[in-house]
Each structure stands twice: as structure tokens, then as C-alpha cells.
Amino acid sequence: MAKKTKISLQNILFPWLDALAVSSWGILMLQYWLSGKLYLLIHPNFFGLVIGCGVALLIIGALKMREVWRERRRAKTTDLQHINLFPPGWGSALLLITAILGLMITPRVFASDTAIQLGVTDLLSTGRTQPQSFRPSTRPEERSLVDWARTLNVYPEPDSYIGQKAKVKGFVIHPPDIGEEYIFLARFVITCCAADAYPVGLPVKLPENQQRYAPDTWLEIEGTMITETLAGKRNLTIAATSVKEVPQPRNPYSY
């Protein structure tokens with residue numbers, strides 16, 4: 001009798017569990033899109049695919065729930081197992097738990113510690129940036145950090161940019177091998193998803209008596225380009241004339 005009761009409970013719960021697991025993943029995908037969390041995970045080019053999958057999963061989940069409900073009304077509970085669209089089991093429970101955790105946890109934005117782990121001294125080694133994105137007609141003061149990195153990828157001689165104006169935004173990094181009067185201003189670039197993100201940036205020479213900003217603080221820097229020797233290398237550097245703290249943008253990555 002106990003065994004029969006156990007089987008009956010499984011036949012009652014598993015069909016609903018399958019439907020809830022599928023629906024929860026649809027909700028998760030759409031919630032990430034609506035809340036802006038999706039910017040932290042993938043390139044915007046793939047947003048349409050995620051949205052489409054989310055809608056499709058919600059539709060499948062709704063159809064599954066309707067089918068289960070109709071079968072419950074006209075069949076015995078012990079006959080419910082045959083209507084599953086997906087094989088019942090603990091796999092569905094695992095999927096449901098994972099989706100619930102995804103709704104509760106916000107993805108972590110890559111920051112200075114990750115950049116240092118990836119090699120902060122290589123931030124100006126811009127071989128990974130895409131030369132085809134270089135826009136020679138862009139005025140220097142309109143270039144983002146990524147634009148500067150791509151420009152240097154095409155024309156790497158730092159002296160060529162001395163005196164040009166710069167106005168960029170990024171987060172603060174404190175590499176261990178540069179002086180106290182310098183910081184790195186960086187952003188992460190995503191080509192597909194967060195797994196392939198990599199940092200690019202520029203060193204900044206702070207004005208005298210300028211406060212030291214904590215790592216990961218987002219700043220807007222205005223200044224003039226100079227050449228400085230840092231960590232034994234000649235680097236294009238922003239001599240800052242204006243340093244302003246700004247909030248982290250809704251989309252902290254570049255493309």
C-alpha cells in the first residue's frame with residue numbers, strides 16, 4: 001500500500017514539476033532581459049534569441065499545465081504518468097531549483113580583481129580588440145576607452161597622440177607596479193558572452209592633491225594625452241584635468 005501511495009504521489013507531482021521547471025526558465029530569461037541583468041551575461045546581439053526562448057518555454061509550460069489539469073479531471077491519478085511531455089524525475093526538480101536561484105541572485109559584474117588576474121599590465125596590448133571597429137573620423141574627445149584601444153591597435157606609437165584631448169569613462173584599477181599618482185581606467189569588452197570578456201584601458205596620471213579613488217569606482221576622466229614610462233614600458237597616458245565620480249552604467253561592458 002505504501003509503495004502504491006508513493007507511486008501515486010509521484011504520478012501527481014512529477015507532471016506539475018516538469019511544467020513548473022520549463023515555465024520557471026522562461027520566466028528567468030525574460031526577467032533577466034527586463035531587469036537589465038542580461039547585459040551582464042551576453043552580447044546584445046543575442047538578446048532576441050534569449051527572449052524568443054523565454055517566450056517559447058512559457059508557452060510550452062502553459063500547454064503542459066493545461067494538459068495535466070485536463071488529465072486530472074478525466075483520469076485516475078495513477079494514469080497521469082503517460083501524459084508527460086518530458087521524462088519525469090529529479091532532473092526537473094534540479095532545473096526548477098536552479099531557475100529559482102537565478103531569480104534570487106544577481107550576476108556579478110567583472111571588476112578590478114578580475115582585470116588584475118587577467119593581466120592588468122597587458123591592458124594596452126590590444127591585439128584582441130577588433131581593428132574593423134576602428135573609426136578614424138572620430139574626434140579624440142569622442143573616443144571611448146575601447147575606441148582608444150582600437151586606435152592604438154592600428155597605430156601603436158604613443159607619441160602620435162600627444163596633446164590630443166580625451167574624455168572617457170571606466171572603473172578604477174590600482175596595479176601594483178605603477179606609482180601612487182597613477183591609476184588604470186578600464187572597461188571589459190564582450191564579443192559573445194561574459195566567458196570571453198577581457199579588459200582594455202588606459203593609465204591616468206592624476207592631478208596633484210587628487211584623492212585616491214577606491215578600486216572599481218566608476219570615473220569620468222577628462223584630460224590630455226601624454227606619454228609616460230610605466231612598468232618599464234612607454235604607454236599612452238591621460239594627464240587628467242578633471243576627475244568626476246559617476247554611477248556604474250546599467251550596461252557596464254563594451255562591445
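Structure shown above.
Numbers given to residues run from 1 along each chain, matching the order in which its sequence is written. Given that this is a predicted model, residues contribute local features only at a pLDDT of at least 70 and side-chain atom pairs are listed and counted only at 80 or more, while totals for whole chains, interfaces and linings are drawn from all residues. Heavy atoms from the whole structure form the basis of all side-chain values; hydrogens and water molecules are not counted.

Draft legend 1. Expanded view of the pattern of salt bridges. Salt bridges are identified by distance alone: a Lys or Arg side-chain nitrogen within 4 Å of an Asp or Glu carboxyl oxygen. Evaluation of the coordinates by the stated rule reveals six salt bridges. For R234, the salt bridge identified is with D159, shortest N-O distance 2.9 Å. Here R234 is found in strand β5 (residues 233–245), whereas its partner D159 is found in the loop between α5 (145–154) and β1 (165–173), with 75 residues between them in sequence. By relative accessible area, D159 is classed as partly exposed at 40%. The salt bridge involving E220 is made with K169; its shortest N-O contact spans 3.8 Å. Residue E220 is found in strand β4 (residues 218–230), and its partner K169 is found in strand β1; the two are separated by 51 residues along the sequence. Helix and strand assignments follow DSSP, with helices taken as H or I runs no shorter than four residues and strands as E runs no shorter than two, numbered in order from the N terminus. For the exposure calls, accessible area comes from a 1.4 Å probe over protein chains only, and a residue counts as buried if that area is under 20% of its type's maximum, exposed if over 50%, partly exposed in between.

Draft legend 2. Expanded view of the packing of aromatic side chains. Ring pairs shown here join Phe, Tyr and Trp side chains whose ring centres sit within 6.5 Å, with only the six-membered ring taken for Trp; geometry is labelled stacked below 30 degrees between planes, edge-to-face above 60, and tilted in between. Taken as a whole and assessed by the stated rule, the structure comprises four aromatic pairs. Both rings, one in F171 and one in F188, keep their centres 5.9 Å apart while their planes meet at 10°; by these two values the pair is stacked. With F171 in strand β1 and F188 in strand β2 (residues 182–189), this residue pair connects regions lying 17 residues apart in the sequence. For the residue pair F171 and F188, the accessibility class agrees, reading buried in each case. One aromatic cluster in this structure is built from F171, F188 and W218.

Draft legend 3. Molecular detail of the environment of P176. The residue P176 is located in the loop between β1 and β2 in this model. P176 sits 55 residues away from A231 along the chain, and the two C-alpha atoms are 9.6 Å apart.

Don't take any of this as a statement about function, it's just geometry.
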